[in-house]
Each structure stands twice: as structure tokens, then as C-alpha cells.
2 protein chains.
Amino acid sequence: MNRQWVLAQRPVGLPRHIDFAKREVPVPTIKDGEVLVKILYAMMDPAIRNFLNAAGSYMTPLPLGSPIVGVVLGRVEQTASPALQVGMIVSGFGSWSDYVAAPAGNFSRVPDDLGSRLEDYTHPLGTIGATAHHGLLSVGNLAAGESVLVSGCAGAVGSLVGQIAKLKGAARVVGIAGGPEKCRRACESYGYDECIDYKETRDLSAAIRKALPQGANVYFENVGGAMLQAALDNITKNARIVVCGLIAAYNAVEPLAGPTNLWNLVVNTAQIRAFRVADILPQHAYLRTIHSEIATWIKGGRLVYKVDVRDGFDAIPDSFGCLFSGAHDGRLVVKIND
Amino acid sequence: MNRQWVLAQRPVGLPRHIDFAKREVPVPTIKDGEVLVKILYAMMDPAIRNFLNAAGSYMTPLPLGSPIVGVVLGRVEQTASPALQVGMIVSGFGSWSDYVAAPAGNFSRVPDDLGSRLEDYTHPLGTIGATAHHGLLSVGNLAAGESVLVSGCAGAVGSLVGQIAKLKGAARVVGIAGGPEKCRRACESYGYDECIDYKETRDLSAAIRKALPQGANVYFENVGGAMLQAALDNITKNARIVVCGLIAAYNAVEPLAGPTNLWNLVVNTAQIRAFRVADILPQHAYLRTIHSEIATWIKGGRLVYKVDVRDGFDAIPDSFGCLFSGAHDGRLVVKIND
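Everything numeric here is computed off the predicted structure, so don't read it as measured data. (Residues numbered from 1 in each chain as written. Chains lettered and ligands numbered in written order. Predicted model: local features only at pLDDT ≥ 70, side-chain atom pairs only at ≥ 80, totals over all residues. Heavy atoms only, no water.)

A. The arrangement of the pattern of salt bridges in detail. All names here are of chain A. According to the stated counting rule, one finds 34 salt bridges over all chains in the structure shown. Measuring nitrogen to oxygen at the nearest pair gives 2.6 Å for the salt bridge that ties E146 to R240. Linking E146 in the loop between α1 (127–139) and β8 (147–151) with R240 in strand β12 (residues 235–243), this pair joins segments that are 94 residues apart in sequence. Of the residues examined, E146 reaches a relative accessible area of 15% and is grouped as buried. Using a relative accessible area of 9% as the deciding quantity, one classes R240 as buried. Here K166 makes a salt bridge to D193, at a shortest N to O gap of 2.9 Å. A residue pair is termed long-range when its members are at least 10 positions apart, and K166 in helix α2 (residues 156–167) and D193 in the loop between α3 (180–188) and β10 (194–197) qualify at 27 residues. On the accessibility criterion, D193 (36% relative accessible area) is partly exposed. Through salt bridges with shared partners, a single ionic network connects E181, R184, R185, E188, K306 and D329. (Salt bridge = Lys/Arg side-chain N within 4 Å of Asp/Glu carboxyl O. Helix = DSSP H or I, 4+ residues; strand = E, 2+ residues; numbered from the N terminus. Buried < 20%, exposed > 50% of the residue type's maximum accessible area, 1.4 Å probe, protein only.)

B. Highlighting the relation of the copies chain A and chain B. Note on the identical chains: chain A maps onto chain B by a rotation of 180° and an axial translation of 0.0 Å, with an RMSD of 0.0 Å. The operation mapping one copy onto its partner corresponds to a two-fold rotation axis. For chain A, the minimum C-alpha distance to the rotation axis belongs to G258 of chain A and amounts to 2.0 Å. In this assembly, 100% of the residues forming the interface of chain A have copies in chain B that are likewise at the interface, indicating an isologous arrangement. (Least-squares fit on C-alpha atoms with pLDDT ≥ 70 in both. Contact = heavy atoms within 4.5 Å.)

C. Inspection of the interface of chain A and chain B at higher detail. In this complex, chain A contributes 33 residues to the contact, which on the side of chain B involves 33 residues. Buried area between chain A and chain B, summed over both chains or domains, comes out near 2800 Å², and the portion from carbon and sulfur atoms is 64%. Note that D279 of chain B and K237 of chain A form a salt bridge whose closest N and O atoms lie 2.8 Å from each other. At the surface where chain A touches chain B, the tally comes to 5 residue pairs in polar contact (both at pLDDT 80 or more). Those elements giving two or more residues to the side of chain A that touches chain B turn out to be β12, α7 (263–267) and β13 (271–274) of chain A. It is α7 of chain A that contributes the most residues to the side of chain A that touches chain B, 5 residues altogether. As paired elements, β13 of chain A and strand β13 (residues 271–274) of chain B share 3 bridges and run antiparallel to each other. Among the inter-strand pairings, I272 of chain A is bridged to a residue of β13 of chain B, identified as I272 of chain B. (Buried area = accessible area lost by both parts, 1.4 Å probe. Polar contact = N/O pair within 3.5 Å; in protein donor to acceptor, adjacent residues only side chain to side chain. Pairing = 2+ DSSP bridges.)

D. Broad picture of the packing of helix α2 (residues 127–139) of chain B against helix α9 (residues 284–299) of chain B. Residues and elements named next belong to chain B. Closest axis-to-axis distance for the α2/α9 pair is 10 Å, and the angle between their directions is 105°. Viewed along their axes, α2 and α9 adopt a mutual orientation that is roughly perpendicular. In contact with G129, A130, H133, H134 and S138 of α2, α9 contributes Y286, L287, I290, H291, E293, I294 and W297. Here the contact of α2 with α9 is composed, by residue class, of 6 nonpolar, 5 polar and 1 charged. (Axes fitted to C-alpha atoms, helices over the stretch in contact; angles between N-to-C directions. Parallel < 35°, antiparallel > 145°, perpendicular 65-115°, else oblique. Nonpolar A, V, L, I, M, F, W, Y, C, P; charged D, E, K, R; others polar.)

E. Inspection of the packing of aromatic side chains at higher detail. If you walk through the whole model with that rule in mind, you get 14 aromatic pairs over all chains. Aromatic pair F320 of chain A and F324 of chain A: ring centres 5.3 Å apart, planes at 85°, arrangement edge-to-face. Highlighted residues: F320 of chain A and F324 of chain A, both in helix α9 (residues 316–325), separated by 4 residues, approximately one helical turn. Plain terms: the ring middles of F220 of chain B and F275 of chain B are 6.5 Å apart, the flat faces sit at 70° to each other, and that makes the pair edge-to-face. Placement of F220 of chain B in strand β11 (residues 216–221) and of F275 of chain B in the loop between β13 and α9 is noted, with a sequence separation of 55 residues between them. The residues F220 of chain B and F275 of chain B share a single accessibility class, namely buried. (Phe/Tyr/Trp six-rings, centres within 6.5 Å; stacked < 30°, edge-to-face > 60°.)

F. How the structure looks around the confidence of the model for chain A. Within chain A, residue pLDDT values average 94, and 99% of them lie at 70 or more. Here the prediction assigns the complex a pTM of 0.93, and the interface score ipTM is 0.90. (pLDDT = per-residue confidence, 0-100.)

G. Expanded view of the packing of α1 of chain A against α2 of chain A. All names here are of chain A. Contact pair α1 / α2: the axes reach a minimum separation of 9 Å and the direction vectors enclose 50°. Taken together, the axes of α1 and α2 lie oblique to each other. Viewed along their axes, α1 and α2 form a crossing whose handedness is right-handed. Residues I128, G129, T131, A132, H133, L136 and L137 of α1 form the contact with α2, whose participating residues are A156, V157, L160, V161, I164 and A165. (Left-handed = near helix turned anticlockwise from the far one by under 90°.)

H. View of the sheet that holds strand β11 (residues 216–221) of chain A. With mixed pairing, 12 strands are arranged side by side in an open sheet as β10(A)-β9(A)-β8(A)-β11(A)-β12(A)-β13(A)-β13(B)-β12(B)-β11(B)-β8(B)-β9(B)-β10(B). In this open sheet, the two edge strands, each paired with only one partner strand, are β10 of chain A together with β10 (194–197) of chain B. Taking each pair of neighbouring strands and ignoring which way they run, the sheet shows an average axis angle of 15°. Strand direction decides the pairing type here: β11 of chain A and β12 of chain A, joined by 5 bridges, are parallel. By the bridge assignment for β12 of chain A, Y219 of chain A is matched with I241 of chain A. Along the sheet, helix α4 (residues 180–188) of chain B makes contact with β9 (172–177) and β10 of chain B, crossing β10 of chain B at roughly 165°.

What follows is the structure, encoded as C-alpha cells:
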């Protein structure tokens, strides 16, 4: 049988266990060109939260009763495509299920010749690593000697962004996180020169100014809301604000207030550049370049990261909830099958 | 003597005559490397309004009692620089005065070999033309076949953006303006396929969706506020939002609400790109390319534009106020001297 977590009702605010329902359906059969993938790890990504909301004007919402979609790591069990063979470890968009049947092109083989552990493919060698690397270097166009500001800096993506910035010669890297423990980790492990604890800061804009008197050349945005407003007060001429995520908005019941200081963009001839890692996943050669460089850093012991593995299919809804309460440490994934 | 309009008090909301004071001072003397320019036309640009406010965290405000700064067109009366000769017509940043003394590099000679009238150098062959051309084509990177949305479309910049978009092969060009008269001009004269009268529109987002069902590839922003919010609901994948001005914010007493739908940037992997024409004014070769192309359009009768000339130094404060009330038609300038 094939277990699935489906959307029982649309969450209001933070997602709760009751918003999801478990069901069992037959294992899907594959058609020509498709593969059957047994899912080993389901990734807990904040962006999933967006798909659970009712229709906005701009995004197709997940229908009630549908399996929750997200990035997965799995093993090919059956194949009707020359592109992928049985036994290969692949990653791609799947769902919170034991099995998924989909066109082979939806999945890419993980580069196991990089010699890394399976868990690494859920984090630095998976979509998180690609998000941090692509976002900071290609979208943000970071140059050596520049300064970087990162919100959500102790999260999975943020923890890599700080280190990659340093590895690429950033002059100063400042993070924003919630709580002393996250700030400690950011500075001790994730390459940050300084971390602002926004929960203990009354005037975030002033705190950033103190930490980065010259402003940020690149602001890597994972959060939005008040963080974006404060960051906009502290950008350099020709700054790039890279929007990776806006987690502050995902669980908001009312629309979050937008930044009132967009004029700073004009004053500094700055740009806001949003991206989605999903768009680069089909660019296999580019992705390979990114992951090869990250693998080199891993082998050289130059990259610190942590995968927080929760065990078992039934742990998915509560694990997803943890993502927003901050009760996790590192990249949060659920191991579904061996 | 040298007449000047200086900042008497900081305007609250719309600028009023009483915010400015007239004074007479001696004609300045020039130092080595400088020129004395007799100002013929003072340009009424909305951006001047920003410099009249008290200090924000990001911009040096104009001190009380200082001459109001802005773009001017003038004639070199004295020179202590080999770069500019007496009698040349030049443009650059000056002030609301009869005379200004400044380094020759602050001014550039207008390309009078383009064979245009003096007034043209206040509009399509001046900063307005450069703003529209550079913003739409270089910053916005418009490609033939794309769709364009423009706020403030009947204003000086907007009136050129619509026409340049069409001249460059845009598939559909939609404008937003206030009132039936401006909308009529936009469609009849300025190249717009359709113009939305925001004063008569309850749901601006829905109105844009109706006019541009596929969304805008380029949104040229002159206004901000509710316009930006509505435009963000209607962008295509990889859209470019070019921020030229945010006139809605200039006279606001309270900070204007920011857009609550920035998530649309992520969904569409879109960018907000702000620019200032001041940054390209020193790039003489590039500016020359822009103005040469515009001159070709003018000579070919392919560009419609109107200069609204107000007469006399004393007309400056009220003319500047007109800029925000909409009681003008075309590029608003004040003729100070012959």
C-alpha cells in the first residue's frame, strides 16, 4: 500500500496536525516514460505552506484532499524510461507519500560520485545547497570584498549562505535570527561575523546600521515583513536584495504590511531580485557545477551543516509545524523509508 | 543681480508658494575649472520634492535657506575651463536661479547638431527622454513582442515611454492615468493601446487584468503606492518592474503603505529595478546614443510631445505646485531668461 498525507483543511495561521489527513491508496502504476520512486526522505520546506492556502490571484492552490507536494529524495523502484534505472537515487518534486509515479524528467539522479552520505543530498547537495549558492552568487552576484546581510541566518538556507559568502571572499557577513542559541550557532558555525537577535532588538534598522555602517551590498531575504523594511534602510549603492523566501508571510492570516521605504531602492539604484530554485533544477549541468563546488567544500571540511532527521511517515505533520516554531536544528527532513 | 528661490520652510504635503522665498544675491564669480551659466529654463521635476523633506536615514536634505536644486538648461556666460566655451547651450544640475557657477563637468553641451528647437532639450532630448529610453530599454530590457504597463502614463516621462515601447515593437502597451482627458491623450497621442483611469476604477488590479490578461512583462513605475500593489498582481514570469519615480510618496505626510503582495515577485521570479537618470548623465557617449535615436524619431514625425512653458522667474513656485495637482499638459518648465 501507499501511504499519503493529504490536505484535510486549509490551515489558518500556523499549520496544525488536524489540517492533514492520512490515507492509504494502491501503489501507482507507471506509464511509458515514467518511473516509480520509493520515497526515502521528505523535505520540510517552508514554501510548501504557500500551496495550502486558498487561491490568490496568482497561484493555483492545492485542492483539498490532494497529497501535499514537496521535494523528496527516493530510489527508483520501477522504470519505463531509458533515462533512469532501477536502484538509482533521485531527487525532485514528489509528495508526502511512500511512492510516486511521474515522468522520469521530474527527477534527477543525485551525483553519487561526489562520495557523500545520503543525508547530504537532502541539504548541501540538494535543493538547499543549490538555493544558497545560486541565490547568493548568480542572483545576488556577490563580489569579493562586499558585505552581506542575511535574514533567517540560522535556517537551512541561511546557514549555508553565510559560509558560502565567506568562502567567496565577502568582507563582512551579518545575520539576523531569533534567539541567542541561533545567533550563537550563526557566529560559531555558519560563518557570520555578527548576528542580530531580532527578538531582543527594538530598532532593527538601527541594529543593522551598527553592524553594517556602510550598508549591505547583498541582502539575502528569507523572511520579509519588518526585516525587509529594516534592510531597505541599510543598503549600499547598487545593492541587490535577493528574495529567496518570505516566511513571515506564509502563516500570516492578514496580508503582511509591505515596506514603506521603497524609495531607498531609487536613491541607491538598487534591485530586488526574486528567484525559485525550482527553475534551475532542470538545468542539470549548472546544478552539477554548483553541487561539485559544494562537495569540494564538504570534502575539505570547510562547510558546517546539520540535518535534523525525524523518523517515520507519521512524524510528517508535526515536523512540518516545527519548521515555523523554530523547534528544529538544521535542515529538517523526515525519513519515511529505508 | 542673481535671483534665487530658496527653501523657506519644509513643505507638509503638497508644496505651497509660502514654502519658498525669493532673494537676490550677487552674481557668483567663477574659479578655475568652473563656468558661469545663465539659466534659460528650470525644469519642474517631481523628484525635487524629495529634497525638501527633513532628513530621512538615507538622503541629505536640502538645508533651509538653500536654493532649490534641479535640472536646468542654460547658456555659458563665462568660462574658466577648456571644456565649455562662452555661448554654448548646456544642461545639468543647477538651481532655481538666474545664474549658477559650477565645475564645467557638472554640465554637458546639448547636441545642437541634432537640429532641434531649444525647448526639445528640456524634454525628449533632455533628461526626460533619457529617463524614458534608458529606463524602458536598458533597465527594463524590453524585448519586441512584450507587453508594457506604465503608471503616470500621461506625464512627461510616461508620454514618451508609451511611444518608445511601440517604436520598439511592444505587443501591447497599457497606461494608468487620472482622469478622462489624460487617458484620451495617452491613447490618441502617446501610443497607448488602452488607458485605465484610476480615479474611475474601484479595483485597479482587476482593471489591469482585464486590459492585460497575460500580465505585463515590463511595468514602468512612476507613481508607487496602490499602483505598485495592483501591478504586482499582474506581472508575467520574469517580469521587470522598473522604478523611475514614486510620486505618490513624495507629498505623503505619513509613510505610504507598501505592497503586501511581494510574494508575487517570487512566484514570477520577477525583479524590481530602480534607477536614477542622474547616474547616466556623465556617460556622455551613451547619452548621445539615446538622444540621437530620439532625434531621429522627432525628425521622422514619429514622436509626439508637448512642452508646457510657464513664463518668468516668479512663476516657479506655483508651477512646481501644478506638477502635483495635474494642472499642466506635458513637460512642465519655467522660462527664466531669454
